[in-house]
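Notes for the structure review
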Amino acid sequence: MSFPMLDLPYSPPPEDLAGPRVRLRQWRPEDREGLAAMQADPVVMEHLMPVPDRAASDAVADRITRHFAEHGFGLWVIEVPGVAPFIGYTGLVHVPYAAAFTPAVEIGWRIQKRFWGRGYVTEAARLSLRDGFGRLGLAEVIALTVPANARSQAVMRRLNMTHDPRENFDHPLVPAGHRLRRHVLYRLTRAAFEGGAEEAATGG
Ligand SMILES: CC(C)(COP(=O)(O)OP(=O)(O)OC[C@H]1O[C@@H](n2cnc3c(N)ncnc32)[C@H](O)[C@@H]1OP(=O)(O)O)[C@@H](O)C(=O)NCCC(=O)NCCS
């Protein structure tokens, strides 16, 4: 399938990105267990297209590692040192279809239910965004979800992303009539990210 893609020069990814509590790192073979368990949890998958079995979950891992190899960025494993080697993933990917807002790079996240509500995802997403606006030189990053996914939209807002309902759209990879077809779009410019990071640091 062909789709418009931002023309970004290849730069090799750092080995990891470390924050106060979380570490983003490359995938290891044993992470596939955690990924499969996470994607078999109906609570985690409530607002996502199903990943029906282990083979489909491994195909997700294959796509992630291929994206890193081809583009030098992608979905990192989120590790919480001293707590768990794999809690889920976050990172940046090329939007793999044509839409009104493409070409674009989007940020995504998915973590195991028992690690929700601790701020790990927002911290991890900030590390990935700093890499995207810095090393990769991105001017903007988008995020997408279904209107009902309030937790994901709360992360977007914590990151200083903004949403214009006029940009709501039908996801081209979701079949017509499917309950997950309608999506909301959030945007984050480099300036808004840097302003938000400053606010978080100064408590503003
Ligand atoms: C969407 C998802 C990643 C959000 O995870 P999350 O844990 O709610 O997000 P954060 O890591 O930012 O945590 C924020 C929460 O931690 C709390 N928190 C606790 N300790 C904290 C700390 N030290 N620092 C910051 N926040 C902290 C915050 O108050 C907030 O709580 P609230 O939800 O009660 O308001 C998660 O629900 C998920 O994986 N969902 C399933 C997959 C999915 O839908 N992905 C998105 C597809 S688009």
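What comes next concerns the included structure. (Residues numbered from 1 in each chain as written. Predicted model: local features only at pLDDT ≥ 70, side-chain atom pairs only at ≥ 80, totals over all residues. Heavy atoms only, no water.)

Further remarks concern the pattern of salt bridges. Under the criterion given, the structure shown has 14 salt bridges. Among the salt bridges present, the one from R25 reaches E79, with a minimum N-O distance of 2.6 Å. With a gap of 54 residues between them, R25 in strand β2 (residues 23-25) and E79 in strand β3 (residues 75-80) connect regions that are remote in the sequence. Take R25 and E79: they sit in the same class, and that class is buried. Of the charged contacts, one joins E140 and R187 as a salt bridge, the two residues approaching to 2.8 Å between their closest N and O atoms. Of this pair, E140 sits in strand β6 (residues 140-145) while R187 sits in strand β9 (residues 182-189), and the two are 47 residues apart along the sequence. Taken together, the shared-partner salt bridges connect D16, R23, R25, R28, D31 and E79 into one network. (Salt bridge = Lys/Arg side-chain N within 4 Å of Asp/Glu carboxyl O. Helix = DSSP H or I, 4+ residues; strand = E, 2+ residues; numbered from the N terminus. Buried < 20%, exposed > 50% of the residue type's maximum accessible area, 1.4 Å probe, protein only.)

Moving on to the pairing of strand β4 (residues 84-94). Extensive coverage of β4 is indicated by the burial of 10 of its 11 residues. The pairing of β3 with β4 spans five bridges and is classified as antiparallel. Opposite W76, over in β4, you have T90 as the bridge partner. Between β3 and β4, which pair antiparallel one after the other, the connecting turn spans three residues, and G82 there sits at a positive phi close to 85 degrees. Sheet topology places β4 next to strand β5 (residues 105-111); seven bridges connect them, and they run antiparallel. (Pairing = 2+ DSSP bridges.)

Attention shifts here to unusual backbone geometry. The omega torsion across T102 and P103 is 5 degrees, close enough to zero to call that bond cis. Take P103: it is sitting in the loop between β4 and β5. The backbone of N160 sits at a positive phi, close to 80 degrees, despite the residue not being glycine. Mapping N160 onto the fold places it in the loop between α4 (150-158) and β7 (162-163). Note on N160: relative accessible area 27%, which makes it partly exposed.

Further remarks concern helix α2 (residues 54-71). Here α2 is 18 residues long and its end C-alpha atoms lie 26 Å apart, about the 26 Å a rise of 1.5 Å per residue gives. The elements touched by buried residues of α2 are α1 (31-39), β3 and β4. At the exit of α2 stands G72, carrying a positive phi of roughly 80 degrees. (Expected span 1.5 Å × (residues − 1). Contact = heavy atoms within 4.5 Å.)

Quick look at the pairing of β3 now. The buried fraction of β3 is high, at six of six residues. Where β2 meets β3, three bridges bridge the pair, whose relative direction is antiparallel. Within the sheet, the bridge partner assigned to R25 lies in β3 and is V77.

Before going further, it helps to examine the site of the ligand. Taken together, 20 residues sit near the ligand, with W109, G117, V121, T122 and N149 positioned nearest. I111 places a polar main-chain atom, nitrogen or oxygen, 2.9 Å from an oxygen atom of the ligand. Measuring from an oxygen atom of the ligand, one finds a side-chain N or O atom of W116 at 3.4 Å. Burial of the ligand by the protein amounts to 69% of the accessible area it has alone, namely 970 Å². The set of elements that each furnish at least two residues to the shell around the ligand consists of β5, α3 (120-133), β6 and α4. (Near = heavy atom within 4 Å. Polar contact = N/O pair within 3.5 Å; in protein donor to acceptor, adjacent residues only side chain to side chain. Areas by Shrake-Rupley, 256 points an atom, 1.4 Å probe, with all protein chains shown as cover.)

So, about the packing of aromatic side chains. In this structure the tally under the stated criterion is six aromatic pairs. Aromatic side chains F68 and W76 sit 5.1 Å apart centroid to centroid with 75 degrees between the ring planes, which places their arrangement in the edge-to-face category. By the burial criterion, F68 is buried, and W76 matches it. Chaining the aromatic ring pairs together yields one cluster made of W27, F86 and Y89. (Phe/Tyr/Trp six-rings, centres within 6.5 Å; stacked < 30°, edge-to-face > 60°.)

It is worth spelling out the side chain of T122 at this point. With respect to the helices and strands, the residue T122 is situated in helix α3. Judged by its relative accessible area of 7%, T122 falls in the buried class. Among the polar contacts made by the side chain of T122, one reaches the side chain of R158 at a distance of 3.1 Å.

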